[in-house]
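Working through the structure, step by step
As a plain string of letters, each chain reads:
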2 protein chains.
Amino acid sequence: MKDTFYAYIERLQDTITSKLEEVDGKAKFQEDLWKRAEGGGGRTRVIENGNVFEKGGVNISAVHGELPEVLRKQFGVEEGNFFACGLSLVLHPINPFVPTVHANWRYFEMYDSKGEIVTQWFGGGQDLTPYYLFDEDAVHFHSVCKEACDKHDESFYPKFKETCDNYFWNAHRNEARGIGGLFFDYLKENEEFSIQDRYKFVTEVGNSFLNSYVPIVEKRKAIEYQKEHKDWQEVRRGRYVEFNLVHDRGTLFGLKTNGRIESILMSLPPVVQWKYNHHPEENSEEAKLLSVLATPKQWIQ
Amino acid sequence: MKDTFYAYIERLQDTITSKLEEVDGKAKFQEDLWKRAEGGGGRTRVIENGNVFEKGGVNISAVHGELPEVLRKQFGVEEGNFFACGLSLVLHPINPFVPTVHANWRYFEMYDSKGEIVTQWFGGGQDLTPYYLFDEDAVHFHSVCKEACDKHDESFYPKFKETCDNYFWNAHRNEARGIGGLFFDYLKENEEFSIQDRYKFVTEVGNSFLNSYVPIVEKRKAIEYQKEHKDWQEVRRGRYVEFNLVHDRGTLFGLKTNGRIESILMSLPPVVQWKYNHHPEENSEEAKLLSVLATPKQWIQ
């Protein structure tokens, strides 16, 4: 399974970066290959200063070796070896009317002392962070997520949508990071689903990504905007930074286990503002976004 | 002691904000009074968009009540009441040749069920974060710190300087946040020093603050700079954000114990950039700063 999934994310990275370069029309992804001292490495692809994308990364990595201490504690095991691979992406568009998007699909294996697989699972998801909210965009994004889920099990979309709302919650601000999407973890084989079924589900979701996001970009990328819209985007990007550095388990895991720092922190936006005690005007478009982020919404009835 | 120290930080806040307004010559501090639901509150003063200061805060607070869970765990006690007060300041200048400064002086008391003081201590310090390094500024800042320390005990400066270098270490970047200063904590009474001695020491340090920083601001605030200098400042401010959100115990403590979020996060810089894998040119002024941050230096022989 690990080779199959790694080959999949290699192809998916190519598909996604080609399409995004086409959408951008100017900037190209810059590729950096890196190795991890303890085993494995990755292929980081970053785009900067494009027509459409101000900054973004679409990275794959596959790492293996002895379980780091933080994972031994988490899994309650004294020793063991692991393999983990995945694709992570974050895109920060220039135009404040185009949302930021994040996605990640990953696979994990743990072995006993004989090298036999003890446990294996998939995880991941995708979520959208608009600065100005177009309901139809949120509905489109969630519809594509739901469609991919429904092909596998009708319980998946409501469950993984709720998990996503809970996970991307900026607790210290008492608001959601964005309008959600899907988040799932520890998708293991069980009586109902084989690990093969899990693979088919996760790759279905991965394959749906471009269709969930690109139509929104195409629709909003040419909207005219003023400095005040850009300022609002940069202030909201501050919340994105706060979530990633204070709450995001993936980021903190990477920072504390000797991941490649520039690949992990490619998720941080290019330009960010923090204004003291900033509140948008009542009944403005900015205030409308905040009211939706205060209580995650059902986008599909 | 608590009333005495609180009265001190009230006066010190006035002294510092008046002087900084004079130095700035344009912007005035905006004051916000706030209350904490569980007991106490604070007086936040923020300056924005000045001639000299792009953003900064000089805040005092005094909070009390039942020990929050996170403190009960930390101190290994099942219950108890506490009182804590302090002054915290962070100043982010406009001109990239003027360093950012942070300072904090605080006092803590813990009580038993009869309301008797079980333990009490002082903590705090001040540290400097330049974007372009003038050795003489670092020497000046450390000299003022050392002078304040030496009046009380010659062991203080070397000890608190080292503690500061260790504390303000951005571990995931393997570099110091800045060029240090002083950091001390749990200054309790002991055979050598009464709590009154501790008070005299901490207020000595607090009183030395303006003299440690203002002469540097005056000397550097009119240096002409280009966009590339401002870009570098904004990239380095990203490291400041990373330290405060990932590593700083004070910030994380505030975020997790229902502190006033806008008072805590006033420390974040006004405009920040994250560029992918950014490295300054060899032998540049920017590279010189990084080489000093890689290994904390003895500024005073």
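Residues numbered from 1 in each chain as written. Chains lettered and ligands numbered in written order. Predicted model: local features only at pLDDT ≥ 70, side-chain atom pairs only at ≥ 80, totals over all residues. Heavy atoms only, no water.

**Some thoughts on the overall build of chain A**
Each helix and strand in chain A was counted, giving nine helices and 10 strands. The principal-axis extent of the C-alpha atoms belonging to chain A is close to 60 × 40 × 35 Å. Here chain A holds 301 residues, and 59% of them are scored as buried. When the accessible surface of chain A is totalled, it reaches about 13,100 Å², and 47% of it is carbon and sulfur. The centroid of the 37 positive side-chain charges in chain A is displaced by 2 Å from the centroid of its 47 negative side-chain charges. (Helix = DSSP H or I, 4+ residues; strand = E, 2+ residues; numbered from the N terminus. Buried < 20%, exposed > 50% of the residue type's maximum accessible area, 1.4 Å probe, protein only. Areas by Shrake-Rupley, 256 points an atom, 1.4 Å probe, with all protein chains shown as cover. Lys, Arg positive; Asp, Glu negative; His and termini not counted. Charge placed at Lys NZ, Arg CZ, Asp CG, Glu CD.)

**Side note on the sheet that holds strand β6 (residues 117–129) of chain B**
Residue and element names in this part refer to chain B. The seven strands lie next to each other as β1-β2-β3-β4-β5-β6-β9, forming an open sheet whose pairing is antiparallel. Edge positions in the sheet fall to β1 (30–35) and β9 (180–187), since each of these pairs with one other strand and no more. The sheet shows a mean angle of 5° between the axes of neighbouring strands, direction not considered. Contacts from helix α3 (residues 135–150) reach β5 (100–111), β6 and β9 within the one sheet, and its direction differs from that of β9 by about 30°. Strands in contact with helix α4 (residues 156–167) are β6 and β9; relative to β9, the strand with the most contacts, it is inclined by about 100°. (Pairing = 2+ DSSP bridges. Axes fitted to C-alpha atoms, helices over the stretch in contact; angles between N-to-C directions. Contact = heavy atoms within 4.5 Å.)

**Remarks on the interface of chain A and chain B**
Listed as interface residues are 29 residues of chain A and, on the opposing side, 29 residues of chain B. Between chain A and chain B the total buried area reaches about 2,700 Å² when both faces are included, carbon and sulfur atoms providing 60% of it. It is A:E262, A:W274 and A:Y276 in chain A that bury the most area against chain B; as a group they hold 31% of the surface buried on that side. Across the contact surface, chain A and chain B share two salt bridges. (Buried area = accessible area lost by both parts, 1.4 Å probe. Salt bridge = Lys/Arg side-chain N within 4 Å of Asp/Glu carboxyl O.)

**Side note on empty space enclosed by the protein**
Tallied over the entire structure, the rule returns eight cavities of 30 Å³ or more. Of the voids in this model, the largest cavity is the one considered here, and its volume is about 80 Å³. Contributing to the lining of the largest cavity are A:R173, A:V235, A:R239, A:Q273, A:W274, A:K275, A:Y276, A:H278, B:K55, B:E262, B:L265 and B:M266. For the lining of the largest cavity, a count of residues per class yields five nonpolar, two polar and five charged. (1 Å grid on protein atoms, 1.4 Å probe; cavity = no way out; pocket = protein on both sides within 12 Å on 5 of 7 lines; lining within 4 Å. Points joined across faces, edges and corners; volume = space filled by probe spheres on them. Nonpolar A, V, L, I, M, F, W, Y, C, P; charged D, E, K, R; others polar.)

**Things to note about the sheet that holds strand β2 (residues 40–48) of chain A**
Residue and element names in this part refer to chain A. Taken together, the seven strands give an open sheet; going across it, the order is β1-β2-β3-β4-β5-β6-β9, and neighbouring strands pair in antiparallel fashion. Because the sheet does not close on itself, it has two edges, and the strands there are β1 (30–35) and β9 (180–187). Strand-to-strand, the axes of this sheet are offset by a mean angle of 5°, without reference to chain direction. Sheet topology places β1 next to β2; six bridges connect them, and they run antiparallel. The partner of D32 across the bridge, within β2, is T44.

**A short note on unusual backbone geometry**
Residues and elements named next belong to chain B. Positive phi outside glycine occurs at Y186, with the angle close to 55°. Note on placement: Y186 falls in strand β9. Not every positive phi belongs to a glycine, and N277 is a case in point at roughly 50°. Mapped onto the fold, N277 is located in the loop between β10 (271–273) and α9 (285–294).

**Overview of the pattern of salt bridges**
All chains considered together, the criterion is met by 54 salt bridges over all chains. The partner of B:K19 in a salt bridge is B:E22, with the nearest N and O atoms 3.3 Å apart. You can see B:K19 and its partner B:E22 sitting in helix α1 (residues 2–24), three residues apart, about one turn around the helix. The exposure class assigned to B:K19 is partly exposed, which follows from its relative accessible area of 28%. Of the charged contacts, one joins B:D185 and B:R106 as a salt bridge, the two residues approaching to 3.3 Å between their closest N and O atoms. You can see B:D185 sitting in strand β9 and its partner B:R106 sitting in strand β5, a full 79 residues away along the chain. One connected set of salt bridges, linked through shared partners, spans A:E10, A:D14, A:E31, A:R43 and A:R45.

**Comments concerning the pairing of strand β4 (residues 81–93) of chain B**
Residue and element names in this part refer to chain B. Of all the 13 residues making up β4, 11 are buried; the element is thus mostly covered by neighbouring parts of the structure. Relative to β4, strand β3 (residues 53–66) is paired through 13 bridges, and the arrangement is antiparallel. Of the residues in β4, the one forming a bridge with N59 is S88. Bridging between β4 and β5 involves 11 bridges; their strand directions are antiparallel. Paired with S88 across the bridge in β5 is N104. Between β4 and β5, which pair antiparallel and follow one another directly, the connecting turn spans six residues.

**With respect to the side chain of A:E175**
Within the secondary structure, A:E175 is located in strand β8 (residues 175–176). Setting aside chain neighbours within four positions, we find A:E175 in contact with A:W169, A:N170, A:R236, A:R239, A:L290 and A:L293.

**Brief notes about the relation of the copies chain A and chain B**
Superposing chain A onto chain B requires a rotation of 180° together with a translation of 0.0 Å along the rotation axis, leaving an RMSD of 0.0 Å. The two molecules are tied by a two-fold rotation axis, judged by turn and shift. Within chain A, A:V272 has its C-alpha nearest the rotation axis, a separation of 2.5 Å. Taken as a fraction of all interface residues of chain A, those also at the interface in chain B reach 100%, which identifies the copy contact as same-surface. (Least-squares fit on C-alpha atoms with pLDDT ≥ 70 in both.)

**Describing the packing of α3(B) against α4(B)**
Residues and elements named next belong to chain B. The N-to-C vectors of α3 and α4 enclose an angle of 130°; their axes lie 8 Å apart at closest approach. Relative to α4, α3 is oriented oblique. Every pair of crossing elements has a handedness; the one defined by α3 and α4 is right-handed. Within the contact between the two elements, α3 uses H142, C145, K146, C149 and D150 and α4 uses F156, Y157 and K161. Here the residues of the contact of α3 with α4 are counted per class, giving four nonpolar, one polar and three charged. (Parallel < 35°, antiparallel > 145°, perpendicular 65-115°, else oblique. Left-handed = near helix turned anticlockwise from the far one by under 90°.)

**Some remarks on the confidence of the model for chain A**
In this model, chain A carries a mean pLDDT of 95, and residues with pLDDT of at least 70 account for 100%. Among the scores for the predicted complex, ipTM is 0.94 and pTM is 0.95. (pLDDT = per-residue confidence, 0-100.)

**Observations regarding the packing of aromatic side chains**
According to the stated counting rule, one finds 54 aromatic pairs over all chains in the structure shown. Ring geometry for B:F82 against B:F108: centres 5.8 Å apart, planes inclined by 15°, an arrangement best described as stacked. On the criterion of sequence distance, the pair formed by B:F82 in strand β4 and B:F108 in strand β5 is long-range, its members being 26 residues apart. Like B:F108, B:F82 is buried. Pairing B:F168 with B:F183 gives two aromatic rings, centres 5.9 Å apart and planes at 90°, and the pair type is edge-to-face. Taken as a pair, B:F168 in the loop between α4 and β7 (169–170) and B:F183 in strand β9 lie far apart in primary sequence, 15 residues in all. Accessibility expressed as a relative area gives 9% for B:F183, which makes it buried. A cation over a ring is seen here: A:R220 above A:F134, with NZ or CZ 3.8 Å from the ring centre. (Phe/Tyr/Trp six-rings, centres within 6.5 Å; stacked < 30°, edge-to-face > 60°. Lys NZ or Arg CZ within 6 Å of the ring centre and 35° of its normal.)

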